[in-house]
Structures are given as structure tokens and as C-alpha cells.
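# Summary of the model geometry
Listed here are the chains, written in short residue letters.
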Amino acid sequence: MAEEFGLDGVEKEKVQYIVVSIGNEHYGLDISYVDNIVRMCKITRVPKAPFHYIGIINLRGEVVPLMSLRRKMKLDDDVFTDLSRIIILKTEEQGLIGVVVDEVKEVIALSADEIDHNTKSSQTDKDNYINGIGKNGDELISIFELSSILDEVEVL
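So, here is what we can say about the structure in this document. (Residues numbered from 1 in each chain as written. Predicted model: local features only at pLDDT ≥ 70, side-chain atom pairs only at ≥ 80, totals over all residues. Heavy atoms only, no water.)

### Some thoughts on the sheet that holds strand β11 (residues 139–144)
Selection criterion: A strand pair is defined by DSSP finding two or more bridges across the two strands. Numbering of helices and strands runs from the N terminus, with a helix taken as a DSSP run of H or I at least four residues long and a strand as a DSSP run of E at least two residues long.
An order of β8-β1-β2-β11-β10-β9 is seen for the 6 strands of this open sheet, with the pairing classed as mixed. A single partner strand is all that each edge strand has here, and the edge strands are β8 (103–111) and β9 (115–116). By the bridge criterion, 8 bridges tie strand β1 (residues 14–22) to β8 in an arrangement that is antiparallel. When the sheet's bridge partners are listed, I18 is paired in β8 with V107.

So, in C-alpha cells, the structure goes:
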């Protein structure tokens, strides 16, 4: 508990992240953007949609565009398993959008000093979507910059 307080005795503000796996890597999504986590469901394809969009889903009567983070980051294509999940993100600009992940691992809380933001040295497509690297014990978690991922969202 002592590590939660800074030298001046003030409690450090922590942000909660949902840790997901995509391939062999772990990524953190700011929980404040997460509206819901759902199992894989029927996906309706949309003709002429951008490549990183898999299609749309019907979520309790609402049509939600579905994005593949693997395609967005130019990784191997999605392989859906029993562990695959759709994370429904809610933003003011775009409303609801679903992103597919291989697995949801856990929820963690990280303070600002547990995240290294000096990751902008390489400019590969994958790195443009990473805001920093979080340290959770011995594990390193790439923190998604959701505004960069979602800034290209087009209405399907």
C-alpha cells in the first residue's frame, strides 16, 4: 500500500486498463472507453468497407461497426476462437465501435509513473497506435492510444 503514495504522502492517481492479448502481445485499453465486452457473434459483412473493418454486428438492436485491431496494425488476420471477444468502445465523436481481440486477460490499475511514454522512437504502423508501455509486475503491456486507432473511423 505504501507504493500507492508519492513522497509527499498524496495518493497517486491510477487509471484502470483492460489487458487483452492480440497474438503473443498484451495490450491495455483505457477502461473509461469500454462500454461492454461481448462474445463473438454473427458478423454482417459490409461491401466496400475499409480493410480493417470486418463488418457490423447487432448489439441489442443497435448496429455497431466492427474493427479488426490485427488488420489495423497490419498483423496476421483474425482467427476466432472460444476466447475471442468483441470490446465495445464508446466515444463522443464516433459513438459505439467494436474491436476484436484474441482474449481478455484482466483489469489492472497503473499510475503515470508505471507507464513509459518514451516509445515514439520508431514509426512503424503498429507503434503509431501505442501511447506507452505499462509495467505490471514483470509483465510489459503496450497501452493503446485509442484516439489514433479510432481517428480514421468512417461511418459504414
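### Some remarks on the pattern of salt bridges
For the record, the criterion: By definition, a salt bridge exists where a carboxyl oxygen of Asp or Glu is found within 4 Å of a side-chain nitrogen of Lys or Arg. Between buried and exposed lies partly exposed: a residue is buried under 20% and exposed over 50% of the maximum accessible area for its type, with that area taken using a 1.4 Å probe on protein chains only.
Scanning the entire structure with this criterion turns up 4 salt bridges. The partner of K14 in a salt bridge is E114, with the nearest N and O atoms 3.7 Å apart. Of this pair, K14 sits in strand β1 while E114 sits in the loop between β8 and β9, and the two are 100 residues apart along the sequence. The exposure class of K14 is partly exposed, given its relative accessible area of 33%. Between E103 and K105 there is a salt bridge; the shortest N-O distance is 3.8 Å. A residue is classified by how much of its surface remains accessible, and E103, at 23% relative accessible area, is partly exposed. For K105, a relative accessible area of 41% translates into the label partly exposed.

### Details of the packing of aromatic side chains
Here the distance between the centres and the angle between the planes together describe a pair of aromatic rings. Formally: Whether two aromatic rings pair depends on their centres lying within 6.5 Å, for rings of Phe, Tyr and Trp, where Trp uses its six-membered ring; planes under 30 degrees apart make the pair stacked, over 60 edge-to-face, and the rest tilted.
Under the criterion given, the structure shown has 1 aromatic pair. For the ring pair Y27 and F144, a centre distance of 4.7 Å and an interplane angle of 10° mean the geometry is stacked. Residue Y27 is located in strand β2 (residues 25–30), and its partner F144 is located in strand β11; the two are separated by 117 residues in the primary sequence. Like F144, Y27 is buried.

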